[in-house]
Amino acid sequence: MEQQFLQGKILPALIRFSVPLMLSLFLQALYGAVDLVVVGQFGSTASISAVATGSQLMVAVTTIVTGLTMGVTVLIGQAIGAGDKERAGNVVCGMIKLFCAVAIVITVLLLLFPRQLAILLHAPQAALEQTVLYICICGGGMVFITAYNAISGIFRGIGNSATPFLFVAIACVVNILLDLLFVALLHMDAAGAAIATVIAQASSVFCSALYLKKKKLPFPVRRSGFYQKETVKSIAAVGAPIALQGFLVSVSFLIITAIVNNIGLTESASIGIAEKLFVFLSIVPMSFLSALSAFVAQNIGNGNSERAAGALFQACGVSFAFGVAVFFLTFFGGHLLARIFTQDSDVIAKTALYFKSCSFEYLIIALSFCMLGYFNGLRKTVFVMVQGLVTAFGVRIPLSYLFSTLENTNMLMIGIAVPVSAAVSLILCLCFFFFVKRSLSKGQHNQEKLQEVTD
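Residues numbered from 1 in each chain as written. Predicted model: local features only at pLDDT ≥ 70, side-chain atom pairs only at ≥ 80, totals over all residues. Heavy atoms only, no water.

## A look at the overall build of the protein
Then, number 1: Helix and strand counts for the protein stand at 17 helices and zero strands.
Then, number 2: Compactness check: the protein gives a C-alpha radius of gyration of 22 Å against a globular reference of 23 Å for 455 residues, within 12% of the reference.
Then, number 3: Here the C-alpha coordinates of the protein stretch approximately 75 × 45 × 35 Å along the principal axes.
Then, number 4: A buried classification covers 55% of the 455 residues belonging to the protein.
Then, number 5: Contacts in the protein between residues far apart in sequence, at least 24 positions, make up 83% of those at least 6 positions apart.
Then, number 6: Surface exposure of the protein reaches about 18,700 Å², of which carbon and sulfur atoms provide 69%.
Then, number 7: Between the mean site of the 27 positive side-chain charges and the mean site of the 18 negative ones, the protein shows a separation of 11 Å. (Helix = DSSP H or I, 4+ residues; strand = E, 2+ residues; numbered from the N terminus. Rg over C-alpha atoms; globule rule 2.2 N^0.38 Å. Buried < 20%, exposed > 50% of the residue type's maximum accessible area, 1.4 Å probe, protein only. Contact = heavy atoms within 4.5 Å. Areas by Shrake-Rupley, 256 points an atom, 1.4 Å probe, with all protein chains shown as cover. Lys, Arg positive; Asp, Glu negative; His and termini not counted. Charge placed at Lys NZ, Arg CZ, Asp CG, Glu CD.)

## Topic: the state of the cysteines
Then, number 1: On inspection of all chains with the given rule, the structure shows zero disulfides.
Then, number 2: Sulfur of Cys 136: no disulfide; nearest cysteine sulfur belongs to Cys 138 and is 9.8 Å away.
Then, number 3: What makes Cys 136 partly exposed here is its relative accessible area of 25%.
Then, number 4: Under the relative-accessibility criterion, Cys 138 is labelled buried at 5%. (Disulfide = S-S within 2.5 Å.)

## Observations regarding the confidence of the model for the protein
Then, number 1: When pLDDT is averaged across the protein, the result is 83; 95% of the residues are at 70 or more.
Then, number 2: Low confidence marks residues 445-455, where pLDDT is under 50. Its contacts with residues over four positions away, or in another chain, come to zero contacts. (pLDDT = per-residue confidence, 0-100.)

## Topic: the layout of surface pockets
Then, number 1: As a volume, the largest pocket reaches approximately 330 Å³.
Then, number 2: Listed by contribution, the elements that provide at least two residues to the lining of the largest pocket are α2 (45-81), α3 (85-112), α4 (114-120) and α9 (229-261).
Then, number 3: Broken down by element, the lining of the largest pocket gets its largest block of residues, five residues, from α9.
Then, number 4: Its residues assigned to classes, the lining of the largest pocket comprises 17 nonpolar, no polar and no charged.
Then, number 5: Considering only enclosed or pocket space, the second largest pocket measures out at about 250 Å³ in volume.
Then, number 6: Residue lining of the second largest pocket: Val 92, Met 95, Ile 96, Ile 151, Ile 154, Leu 212, Leu 217, Phe 219, Pro 220 and Val 221, and that is the complete set.
Then, number 7: Elements supplying a minimum of two residues to the lining of the second largest pocket: α3 and α6 (142-157).
Then, number 8: No other element matches the three residues that α3 contributes to the lining of the second largest pocket.
Then, number 9: Here the lining of the second largest pocket is built from residues that sort into 10 nonpolar, no polar and no charged. (1 Å grid on protein atoms, 1.4 Å probe; cavity = no way out; pocket = protein on both sides within 12 Å on 5 of 7 lines; lining within 4 Å. Points joined across faces, edges and corners; volume = space filled by probe spheres on them. Nonpolar A, V, L, I, M, F, W, Y, C, P; charged D, E, K, R; others polar.)

## Concerning the nonpolar core
Then, number 1: The biggest cluster of nonpolar side chains holds 128 residues, and the ones touching the most others in it are Tyr 374 and Phe 375.
Then, number 2: With 17 residues, the top contributor of residues to this core is α2.
Then, number 3: Ignoring any residue separated from it by four or fewer positions in sequence, one finds Tyr 374 in contact with Leu 292, Val 296, Ala 308, Ala 309, Leu 312, Phe 433 and Leu 440. (Core = buried A, V, L, I, M, F, W, Y, C linked by side-chain atoms within 4.5 Å.)

## Focus on the side chain of Ser 319
Then, number 1: Position of Ser 319 among the secondary structure elements: in helix α12 (residues 305-338).
Then, number 2: Of the residues examined, Ser 319 reaches a relative accessible area of 0% and is grouped as buried.
Then, number 3: Here Ala 366 takes part through its backbone oxygen, which lies 2.7 Å from a polar atom of the side chain of Ser 319.
Then, number 4: Not counting residues up to four positions away in its chain, the partners in contact with Ser 319 are Val 284, Pro 285, Phe 288, Ala 366 and Cys 370. (Polar contact = N/O pair within 3.5 Å; in protein donor to acceptor, adjacent residues only side chain to side chain.)

## Regarding a nonpolar patch on the surface
Then, number 1: A cluster of nonpolar residues, Ile 104, Val 105, Val 108, Leu 109, Leu 112 and Phe 113, forms a patch on the protein surface that exposes about 560 Å² of accessible area.
Then, number 2: With relative accessibility at 53%, the residue Leu 112 sits in the exposed group. (Patch = residues over 30% accessible without salt bridge, like charges linked within 9 Å, V, L, I, M, F, W, Y side chains within 5 Å. Salt bridge = Lys/Arg side-chain N within 4 Å of Asp/Glu carboxyl O.)

## With respect to the environment of Val 39
Then, number 1: Relative to the helices and strands, Val 39 is located in helix α1 (residues 10-42).
Then, number 2: When the C-alpha positions of Val 39 and Val 183 are compared, they lie 6.6 Å apart, and in sequence the two are 144 residues distant.
Then, number 3: Aside from chain neighbours lying at most four places away, what touches Val 39 is Ser 44, Ser 47, Ile 48, Val 51, Val 183, Asp 189 and Ala 193.

## Regarding the packing of aromatic side chains
Then, number 1: Taken as a whole, this structure holds 19 aromatic pairs when the rule is applied.
Then, number 2: Note on Phe 383 and Phe 432: the rings are 4.0 Å apart at their centroids and 10° apart in plane angle, and the pair reads as stacked. In this pair, Phe 383 is assigned in helix α15 (residues 381-405) and Phe 432 in helix α17 (residues 417-454), connecting sequence segments 49 residues apart.
Then, number 3: Put simply, the rings of Phe 313, Tyr 374, Phe 375, Phe 383, Phe 432, Phe 433, Phe 434 and Phe 435 pair up and form one aromatic cluster.
Then, number 4: Here the basic side chain of Lys 356 rests over the ring of Phe 331, its NZ or CZ set 4.4 Å away from the ring centre. (Phe/Tyr/Trp six-rings, centres within 6.5 Å; stacked < 30°, edge-to-face > 60°. Lys NZ or Arg CZ within 6 Å of the ring centre and 35° of its normal.)

This is the structure:
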């Protein structure tokens, strides 16, 4: 059921939309983390490193798709807010054309160059072959990742976050069962985890296709929409900066993974665990990022910028309260979190040490992620891209490399780069917010004066 974004109380509408998003993110993270958990319990440290490194690459590649999906969500949201159903249908047609091309290109690259990519990531020699195999298998499933994100983008644009959650729930259950079969029983290690992931994604897409066949969208999707060339350009204009930003930020994480991989196998496994836990620990701000993108887009399309800003402030309050709780959990309980994935005492200790310095990040992203969602809804995605690149390549990577080269360095020192880069991101967001607010107020004032003259 579509949410009422354009009227009524803001926070209840946001929460109703955000809860299925949180559950979806949780399940997506769960079936990704289950790979690492099962491999960690039934495989070797090399297997953990292979899944950690390979999955980091897949996350980086997937951000291209999810970034473009945000363009679909925002454009459909603005069309719905403006009451233009014809334009919403054209966005779906443009999405199909664009996403088919993207899926083909990414699949070909991953299947042709898996070894080169694994070597580029400095995968430890003991884990190299398993990493290559993991990349190959997951690369073959890119078409399913692309299809799922495309369909989810449509539903979120119209204010429906419950249906994508259902699709993820199906994938999660299938992945857990197959992980236990392929890894725990058949001892297929990283390859088994990859196969389970691909089959799970395929099952999710199959179910979503059946759903779309039986249920109609609240707007027409006509064949003529496929001939509207400007629609693809519009999706790319909004989504490409987010896709590029997400991809390059993920690449920055891969570079950091490569830096840590050079230190040792145990460090490689520990940072892999910490990155897997990040999605769980940042689930509230991440869901508000997506929710605000759709909420703000619809209200901007309806000409209600004040309601859009009100949604941002209320989301920040809820998100920050959650961030405080996560800060205490990660600062004092990092070793407990690491034990979910492994019983190796060295890996546990180094993961906990890394969390000590990373924990401050969760206080900061509780605010910055909400602001990024607000900017997405305004179609200010170029700024979202710029701030992401500045913080990743101008702050986080240089600091991570610097700390890794220091004598007697450890995971605590390397982790300092994380909250510092997050703080720079928040400062940039705050500065841009006041600039945008001034522009919106000026535009509203000019519109009111024009209305007075017309009357």
